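Analysis of the macromolecular model
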Amino acid sequence: MINVTRPFLPPLAEYQQYIADIWDRNWLTNNGPLVKELEAQLRAYLNTEKLLFLSNGTIALQIAIKALDLQGEIITTPFSYVATTSSIVWENCTPVFVDIDKESFNIDPKLIEASITDKTSAILATHVYGNPCDIDAIATIAEKHNLKVIYDAAHCFGTLYKGKSVFEYGDVSTTSFHATKLFHTTEGGAVVAKDSAILTCMERMRNFGHAGPDKFKGIGINGKNSEMHAAMGLANMKYVDHILAKRELDHKLYDQRLEALQLQKPKIDDKATFNYAYYAVVFRTTEECIKVFKALADNEIGARRYFYPVLSSLDYVDPQTMPVAEDIAQRVLCLPLYEQLTEDDIEKICTVILKTLN
Ligand SMILES: *Cc1c(COP(=O)(O)O)cnc(C)c1O
């Protein structure tokens, strides 16, 4: 079986060393030394100062919305993982969907202004597959209409935009270190804030609102992460450069093998350094997409209709028609991509696809 993804696992002994140290210290959670060390390493690696390690990427989104005190309507993308929309609704705000650009698959800034009302408080956009949004255009609109900007940067580990970490853009960027992501801590996530006061607020929020042992300031939740999760992150950090390089190679192999099909792929912003987080291809028709998906499954190869369905079709949002997102979601597949994937695996996957479409 070739899965669509497999978590990277560091050498067991290296993880066990961290675990043995945790046993010695008997300090399991509540901002322990490994959490602090991982945060320091992430800040250095990602070149971003104001980062907090959290329990997952969904809590990161919820804390970001709460810390920015967003109300009313939030403009967002229909083409993302469900957590982007569910977090908005969970925080009692209303998602207002704006369709995506047909080349980048990110929210289309040209369509945003028409959806702004006097209830709009923010834009929450996803950098789809690790490909940054049109950040400059979004910033211009946000400034003009006094809106906050949150980026769901769950796919963006290591992505640079105009030479800076992509996490540095917007009021808050959130990310996920879930086991399926390029860099992971089993479960985990992070927020990066532009403003120090917002960062401090989010730091309290992840710890029940504690402002001291017997002092609370504002509402909080439990968004902390544990020493065991930080240990996985620290063990994986050593291999991040290798993981990134391997994914780039895999992308090139897929590109070569599938070249004859001339399939559409997301257009990567030329101001970005892409992290090759996903290998997404768009087939000409839904039928072709489903046919390939089934042929791969028959050959014990997993692919993922990602993202599918569009978030504007969720049963807890007002139905809105999103022609471009619906069209892309019907035709897109993410192909297997993970560290242990071999050249032979890619050969086999591409052979099945080529045979199915010829
Ligand atoms: C993975 C992912 C999330 C959710 O992150 P978790 O850590 O699993 O909660 C949110 N948004 C996007 C775009 C994701 O890919």
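Everything discussed here concerns the structure shown above.
Everything in this summary refers to the structure shown in the same document.

Each value, and the rule that gives it
- The numbering scheme is per chain: residues are counted from 1 as the chain's sequence reads.
- Thresholds applied to this predicted model are a pLDDT of at least 70 for local features of residues and 80 or more for the giving and counting of side-chain atom pairs; totals over whole chains, interfaces and linings are not thresholded and use all residues.
- Heavy atoms throughout the structure, all of them, feed into the side-chain values; hydrogens and water do not.
- Here a helix means four or more residues in a row that DSSP labels H or I, a strand means two or more in a row labelled E, and each is numbered from the N terminus.
- Should any heavy atoms of two residues lie within 4.5 Å, those residues are counted as being in contact.
- For every residue, the accessible area obtained with a 1.4 Å probe (protein chains only) is divided by the maximum for its type, and the residue is called buried under 20%, exposed over 50%, and partly exposed between those limits.
- Two strands are counted as paired when DSSP detects at least two bridges linking them.
- To obtain an axis, a line is fitted to C-alpha atoms, over the contacting stretch when the element is a helix, and the angle between two such axes runs from 0 to 180 degrees between their N-to-C directions.
- Nearness is defined per residue: one heavy atom within 4 Å of the molecule or strand is enough.
- Side-chain atoms alone can form a polar contact between residues adjacent in sequence; in general such a contact is a pair of N or O atoms within 3.5 Å, and within protein one must be able to donate a hydrogen while the other accepts it.
- Working definition of accessibility: Shrake-Rupley area with a 1.4 Å probe, residue cover restricted to the visible protein chains.
- Each residue receives one of three labels: charged for Asp, Glu, Lys and Arg, nonpolar for Ala, Val, Leu, Ile, Met, Phe, Trp, Tyr, Cys and Pro, and polar for the others, Gly being one of them.
- When two rings of Phe, Tyr or Trp (its six-membered ring) have centres within 6.5 Å they constitute a pair, described as stacked for plane angles under 30 degrees, edge-to-face for angles over 60, and tilted for the intermediate range.

Tracing the backbone shows T85 in helix α4 (residues 82-90). C-alpha separation for the pair T85 and E49, spaced 36 residues apart in sequence, amounts to 27 Å. The contacts of T85, once residues within four sequence positions are left out, are T77, P95, F97, L311, L314, Y316 and V317.

Locating N236 in the fold gives a position in helix α7 (residues 227-237). Since its relative accessible area comes to 1%, N236 is described here as buried. With residues near it in sequence (within four places) discarded, N236 still touches F8, P10, F183 and H184.

Strand pairing within a sheet occurs via backbone hydrogen bonds; the two strands may be parallel or antiparallel. Within the open sheet, the seven strands sit side by side as β1-β9-β8-β5-β4-β2-β3. Their pairing is mixed. Here the strands that pair on one side only, and so sit at the sheet edges, are β1 (51-54) and β3 (94-97). The mean inter-strand angle of the sheet, taken between neighbouring strand axes irrespective of direction, is 25°. With five bridges joining them, strand β8 (residues 172-176) and strand β9 (residues 189-193) adopt antiparallel strand pairing. Each residue of the ladder has a partner; that of T175, found in β9, is A190.

Taken together, 15 residues lie near the ligand, and G57, T58, D152, S176 and K181 sit nearest. Side-chain polar atom of D152 to a nitrogen atom of the ligand: 2.7 Å apart, as the coordinates give it. Within the side chain of Y306, an N or O atom sits 3.2 Å from an oxygen atom of the ligand. Taking 380 Å² as the accessible area of the ligand by itself, protein coverage stands at 92%. Taken together, the residues of the shell around the ligand break down into four nonpolar, nine polar and two charged.

Another point: the packing of aromatic side chains. Following the criterion strictly, the structure yields 16 aromatic pairs and no others. With a centroid separation of 6.0 Å and an interplanar angle of 5°, the aromatic rings of Y129 and F307 are classed as stacked. Here Y129 is found in the loop between β4 (120-126) and α5 (135-145), whereas its partner F307 is found in the loop between α9 (286-298) and α10 (323-331), with 178 residues between them in sequence. Taken as a pair, Y129 and F307 share a single burial class, namely buried. When the centroid spacing of 4.5 Å and the interplanar angle of 25° are considered together, the rings of Y254 and Y279 count as stacked. In this pair, Y254 sits in helix α8 (residues 240-258) while Y279 sits in strand β13 (residues 279-282), placing the two residues 25 residues apart along the sequence. Look at Y254 and you get buried, because its relative accessible area is 0%.

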